[in-house]
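Structural overview
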2 protein chains.
Amino acid sequence: MKRDYFIALEKRSSDNPLSLPEVIEQLAFNEQGLIPVIVQDANTLFILMFAWMNKEALQKTLATHRMTYWSRSRQKLWVKGETSGHAQRLLAMSFDCDGDAILCQVVQQGAACHTGRSSCFYLHIESDKQRVWVRGEQDDPSIILKNTGRNR
Amino acid sequence: MKRDYFIALEKRSSDNPLSLPEVIEQLAFNEQGLIPVIVQDANTLFILMFAWMNKEALQKTLATHRMTYWSRSRQKLWVKGETSGHAQRLLAMSFDCDGDAILCQVVQQGAACHTGRSSCFYLHIESDKQRVWVRGEQDDPSIILKNTGRNR
């Protein structure tokens, strides 16, 4: 997975930027031409959702600052919010050390999840009791995994 | 991608938990038996890294509360920190609405990234200038994508 291009970047000077199109060409799109995308609320830093982009979706997102994904179920480009109105405006984007994942910080309009919840990550594990809780929006956001101080 | 099991959970009562082993059996592990894992610092909420787990790694992580992944490059289980000492203690875990991604909030010991940086997401995109900046730990964490208020 680790490729020479990204290994060479590890020690690159922080005042010597790279060309974005060049880096995009080196990203580790998988066999289906997709790369994982983590979507984080730019204000709260909560994780909103996880999705996939192909190169076209990535370029469209960068050009419009409107989050655009590849829908694996519908097998087509998916401009987030185009039907629901729950659009996401891109504020910041970064790639990871291996060039195989993208992190986006966004301003979310309405709910990120198709269920109407603010986040798609609403199935919370309580490991010591071997249970999973389905959380809604009105739930008490208190701790459910033993000994944790936070659960968002 | 969307499967009946997780669709049925969308409207399940929040006071009626599920069996964790049952939900794990339904998770959408891919053709290689892997599921994506987003790793978030439980205190700062910064994204530390992105990795993959197979079912064994997930069960080991839940049993030990020590983050354990599947290393795709080495094709074996990888207990984070076993060689570097940079271990991660699991505080909270959740699954997303489709059962095809895992979010973990952790306490990170030392650097999350193999390069010594606190996060693996250090290649920052400046979209309007079509550039990518390689950030180090001493960098000013100020904004580099146009019009953004934050960049971590």
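Report follows, based on the coordinates. Owing to the predicted nature of the structure, the values given are computational and were not obtained by experimental measurement.

1. As for the sheet that holds strand S8 (residues 123-126) of chain A
Taken in spatial order, the seven strands line up as S1(B)-S9(A)-S8(A)-S6(B)-S7(B)-S2(B)-S3(B) in an open sheet, and their pairing is mixed. The two strands at the open ends of the sheet, each matched to only one other strand, are strand S1 (18-19) and strand S3 (47-53) of chain B. Bridge count for S8(A) against strand S6 (residues 88-95) of chain B is two bridges, and the pairing is antiparallel. The residue bridging A:His124 from the neighbouring strand is B:Ser94, located in S6(B). The sheet strands contacting helix H3 (residues 55-64) of chain B are S8 of chain A together with S3, S6 and strand S7 (102-108) of chain B, and the helix crosses S6(B) at an angle near 115 degrees.

2. Some remarks on the pattern of salt bridges
By the definition in use, this model includes six salt bridges over all chains. Ionic pairing is found between B:Asp100 and A:Arg72, a salt bridge with its closest N-O pair at 3.1 Å. Linking B:Asp100 in the loop between S6 and S7 with A:Arg72 in the loop between strand S4 (68-71) and strand S5 (76-79), this pair reaches from one chain into another. The buried category is assigned to B:Asp100, whose relative accessible area is 9%. A salt bridge links B:Glu25 to B:Lys55, with the nearest nitrogen and oxygen atoms 3.2 Å apart. Residue B:Glu25 is located in helix H2 (residues 20-26), and its partner B:Lys55 is located in helix H3; the two are separated by 30 residues in the primary sequence. Classification of B:Glu25 by relative accessible area gives exposed; the value is 51%. The exposure class assigned to B:Lys55 is partly exposed, which follows from its relative accessible area of 29%.

3. Quick look at the relation of the copies chain A and chain B
For the pair chain A and chain B, the relating rotation is 180 degrees, the translation along its axis is 0.0 Å, and the fit reaches an RMSD of 0.0 Å. Both copies are brought into coincidence by an operation consistent with a two-fold rotation axis. For chain A, the smallest separation between a C-alpha atom and the rotation axis is recorded for A:Leu45, amounting to 3.0 Å. Most of the interface of chain A is mirrored in chain B, where 100% of its interface residues again form contacts.

4. What to know about the sheet that holds strand S8 (residues 123-126) of chain B
Pairing in this open sheet of seven strands is mixed, and the strands run S1(A)-S9(B)-S8(B)-S6(A)-S7(A)-S2(A)-S3(A) from one edge to the other. Strands with a single pairing partner mark the edges of an open sheet, and in this sheet they are strand S1 (18-19) and strand S3 (47-53) of chain A. Judged from the five bridges that link them, strand S2 (residues 35-41) of chain A and strand S7 (residues 102-108) of chain A form a sheet pairing that is parallel. Opposite A:Val39, over in S7(A), you have A:Cys104 as the bridge partner. Its contacts with the sheet place helix H3 (residues 55-64) of chain A against S3, strand S6 (88-95) and S7 of chain A together with S8 of chain B, and it is angled at close to 115 degrees to S6(A).

What counts, and where the lines are drawn
Residues numbered from 1 in each chain as written. Chains lettered and ligands numbered in written order. Predicted model: local features only at pLDDT ≥ 70, side-chain atom pairs only at ≥ 80, totals over all residues. Heavy atoms only, no water. Pairing = 2+ DSSP bridges. Helix = DSSP H or I, 4+ residues; strand = E, 2+ residues; numbered from the N terminus. Contact = heavy atoms within 4.5 Å. Axes fitted to C-alpha atoms, helices over the stretch in contact; angles between N-to-C directions. Salt bridge = Lys/Arg side-chain N within 4 Å of Asp/Glu carboxyl O. Buried < 20%, exposed > 50% of the residue type's maximum accessible area, 1.4 Å probe, protein only. Least-squares fit on C-alpha atoms with pLDDT ≥ 70 in both.

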